[in-house]
Amino acid sequence: MTKITGLNEKYFTSKQAASLLGVTTRTIQLWSESGVLKAWKTPGGHRRFNLTEIEALKAHFKKEVIAPVEKRLIRVLVIEDDHDLIRLYTMTIEGWNLPIILATATDGFEGLIQIGDWKPDIVITDIKMPNINGIQMLKTIIKIESFNNMIILAVSGLSKADIEQEGGLPKEIPLFTKPIPFDEIEKIVSLQCNTLLNR
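Residues numbered from 1 in each chain as written. Predicted model: local features only at pLDDT ≥ 70, side-chain atom pairs only at ≥ 80, totals over all residues. Heavy atoms only, no water.

### As for helix α8 (residues 182-197)
Along an α-helix, residues three or four apart share an orientation, since each turn contains 3.6 residues. Along its 16 residues, α8 runs 22 Å from first to last C-alpha, staying within 8% of the 22 Å computed at 1.5 Å per residue. Of the residues making up α8, those classed as buried are F182, I185, V189, Q192, C193 and L196. Considered in projection along α8, the buried side chains sweep an arc of 105° and stay on one side of the axis. Residues of α8 that are exposed and point more than 90 degrees away from the buried face comprise D183, K187 and L191. (Helix = DSSP H or I, 4+ residues; strand = E, 2+ residues; numbered from the N terminus. Expected span 1.5 Å × (residues − 1). Buried < 20%, exposed > 50% of the residue type's maximum accessible area, 1.4 Å probe, protein only. Arc of directions from axis to C-beta.)

Put into structure tokens, the structure is as follows:
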């Protein structure tokens, strides 16, 4: 374990927690605000993290298979709790013949870990999921400036009225209704691939 001095050994600052987990402080902020990594605040408003929580998240990392970052490939993350739909997404997207590397997550918790650690270019996410639902996850992401360039698409079997009752999507995020409109999503992903690779 990395030894960090200057603080009680059981509690760490955002910067120290980021060092222990091998991520940026922005990622720690994302995980903290979404509840992936629990924190408490000092009277001055500074986050503090318990070593037990940090070690638990490190252990979770070992179970996750994070797709490697490849040069000149667009990183696409699909977050969906239905395993049959994950397989459908995988087979369909891999057949698009686009310069993509694909990763998947099966709930909002795993999705936030992947977003913070892998920093995908495009996220396609379900709304109603266990642990952390899509609405909570998306509202957390858009608050953090370093993730503003990420393209996010929401796909759900819920009606717009049901989604509004759950708290509503951020207005910047388009909503697609299941069954998954792969043709429309392919056009958006293809356009984004061209944009990113031609910068």
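### So, the packing of helix α1 (residues 14-21) against helix α2 (residues 25-34)
At a minimum axis separation of 8 Å, α1 and α2 run at an interaxial angle of 100°. One way to sum up the angle between α1 and α2 is to call them roughly perpendicular. Of the residues in α2, those touching α1 at S14, K15, A17, A18 and L21 are T25, I28 and W31. Residues of the contact of α1 with α2, tallied by class, amount to five nonpolar, two polar and one charged. (Axes fitted to C-alpha atoms, helices over the stretch in contact; angles between N-to-C directions. Parallel < 35°, antiparallel > 145°, perpendicular 65-115°, else oblique. Contact = heavy atoms within 4.5 Å. Nonpolar A, V, L, I, M, F, W, Y, C, P; charged D, E, K, R; others polar.)

### A short note on the sheet that holds strand β3 (residues 47-50)
Strand order across the open sheet formed by three strands is β1-β3-β2, with antiparallel pairing between neighbours. Of all the strands in the sheet, just β1 (11-12) and β2 (40-41) have a single pairing partner and so form its edges. Pairing analysis gives two bridges linking β2 to β3, with the strands arranged antiparallel. Across the sheet, W40 pairs through a bridge with R48, a residue of β3. (Pairing = 2+ DSSP bridges.)

### A word on the nonpolar core
Within the largest apolar cluster, 42 residues are counted, with the highest numbers of intra-cluster contacts made by I28, W31, I115, L138 and I141. Elements with a contribution of two residues or more to this core: α1, α2, α3 (51-63), β4 (74-79), β5 (100-105), α5 (108-118), α6 (134-141) and β7 (151-156). For this core, the leading source of residues is α5, giving five residues. Core analysis: the next-biggest nonpolar cluster, separate from the first, contains 21 residues, I86, L102, L153 and I180 among them. (Core = buried A, V, L, I, M, F, W, Y, C linked by side-chain atoms within 4.5 Å.)

### Structural notes on the packing of aromatic side chains
On inspection of all chains with the given rule, the structure shows two aromatic pairs. Seen from their ring centres, Y89 and F182 are 5.5 Å apart, and the 80° between their planes marks the pair as edge-to-face. Of this pair, Y89 sits in helix α4 (residues 83-94) while F182 is found in helix α8, placing the two residues 93 residues apart along the sequence. Just as Y89 is buried, F182 falls in that class too. (Phe/Tyr/Trp six-rings, centres within 6.5 Å; stacked < 30°, edge-to-face > 60°.)

### Things to note about the pattern of salt bridges
This model, assessed by the stated rule, comprises five salt bridges. Ionic pairing is found between R75 and D121, a salt bridge with its closest N-O pair at 3.7 Å. Residue R75 is found in strand β4, and its partner D121 is found in the loop between α5 and β6 (122-125); the two are separated by 46 residues along the sequence. The residues R75 and D121 share a single accessibility class, namely buried. One salt bridge in this structure joins D126 and K178, with 3.4 Å as the shortest N-O distance. (Salt bridge = Lys/Arg side-chain N within 4 Å of Asp/Glu carboxyl O.)

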